[in-house]
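Now for the letters of each chain:
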Amino acid sequence: MAVSKRIVLHYPKRLVDRPIIYQLVKEYNLKFNILKALFTQEAEGLMVLEISGEQKDYDRGIKYLTESGVRIQSLSQDVIRNEERCTHCGACITICPTSAFELDPLTRRVNFDNERCVACGQCIKACPPRAMELHF
Ligand code: SF4
Ligand code: SF4
């Protein structure tokens, strides 16, 4: 059975120069599309990937990534903003890998586009008043 999934990879800096993602193609017959890649403040790499291929190859590929030291985040979670808590400080804007936050230049308020969110959790740690919440 063919599958296509979006996942978030968190990996330590020591793995950045290794062709880990390339191996998914070469050894596991998977196709991938990098939706976003960046380094976080903790010098951890973060990559949002869309992976497609046969389920058994996907499972083997995920096992390989995990055993290589990559932490894989499920996207079955939902991140929402508690509007009463948000102070529109803007701390989340640059940290979001998918540009889900945008400053409205007229109102100076920070808009949150839930459709762009991949539930990576980066803004939860970065938000001073803890307005971003993870829901399962
Ligand atoms: S960091 Fe938190 S309080 Fe600041 S704009 Fe983003 S969601 Fe709102
Ligand atoms: S969890 Fe926060 S930082 Fe991550 S994609 Fe969603 S809005 Fe952006």
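Residues numbered from 1 in each chain as written. Chains lettered and ligands numbered in written order. Predicted model: local features only at pLDDT ≥ 70, side-chain atom pairs only at ≥ 80, totals over all residues. Heavy atoms only, no water.

Some points on the site of ligand 1
The line we're drawing: Any residue with a heavy atom positioned within 4 Å of a molecule or strand is treated as near that molecule or strand. Residue polarity is assigned by list, with Asp, Glu, Lys and Arg as charged and Ala, Val, Leu, Ile, Met, Phe, Trp, Tyr, Cys and Pro as nonpolar; anything else, Gly included, falls into the polar class.
Taken together, 13 residues surround ligand 1, and among them C86, C89, G90, C92 and C127 come closest. Each residue belonging to the shell around ligand 1 can be placed in one class, and the counts come to nine nonpolar, three polar and one charged.

Section: the environment of E133
Just so we agree on the cut-off: By definition, any uninterrupted DSSP run of H or I lasting at least four residues is a helix, any uninterrupted run of E lasting at least two residues is a strand, and each is numbered from the N terminus. In this description, contact between two residues means that some pair of their heavy atoms is separated by no more than 4.5 Å. N or O atoms within 3.5 Å of each other form a polar contact, as long as, within protein, one can give a hydrogen and the other can take it, and as long as residues adjacent in sequence are counted only when both atoms are side-chain atoms.
Among the secondary structure elements, E133 is positioned in strand β8 (residues 132–135). In this structure, E133 is in contact with D78, V79, I80, N82 and I124, ignoring residues within four places of it in sequence. Side-chain polar atoms of E133 contact the side chain of N82, separated by 3.2 Å.

Here's the deal with unusual backbone geometry
What is expected of a backbone is that most residues other than glycine have negative phi and most peptide bonds are trans. What counts here: Remark: exposure states derive from per-residue accessible area (1.4 Å probe, protein chains only) relative to the maximum for the residue type, with buried under 20%, exposed over 50%, and partly exposed in between.
Phi is positive for H88, close to 60 degrees, though the residue is something other than glycine. What makes H88 buried here is its relative accessible area of 16%.

A few points about the packing of aromatic side chains
Quick reminder of the rule: Any Phe, Tyr or Trp ring, taking Trp's six-membered ring, that has another such ring centre within 6.5 Å forms a pair; planes under 30 degrees apart are called stacked, those over 60 apart edge-to-face, and the others tilted.
Counting across every chain of the model gives two aromatic pairs. Between the aromatic rings of F101 and F112, the centroid separation amounts to 5.1 Å while the plane-to-plane angle is 25 degrees, which identifies the pairing as stacked. Of the two residues, F101 sits in strand β6 (residues 101–103) while F112 sits in strand β7 (residues 110–112), which places them 11 residues apart along the sequence.

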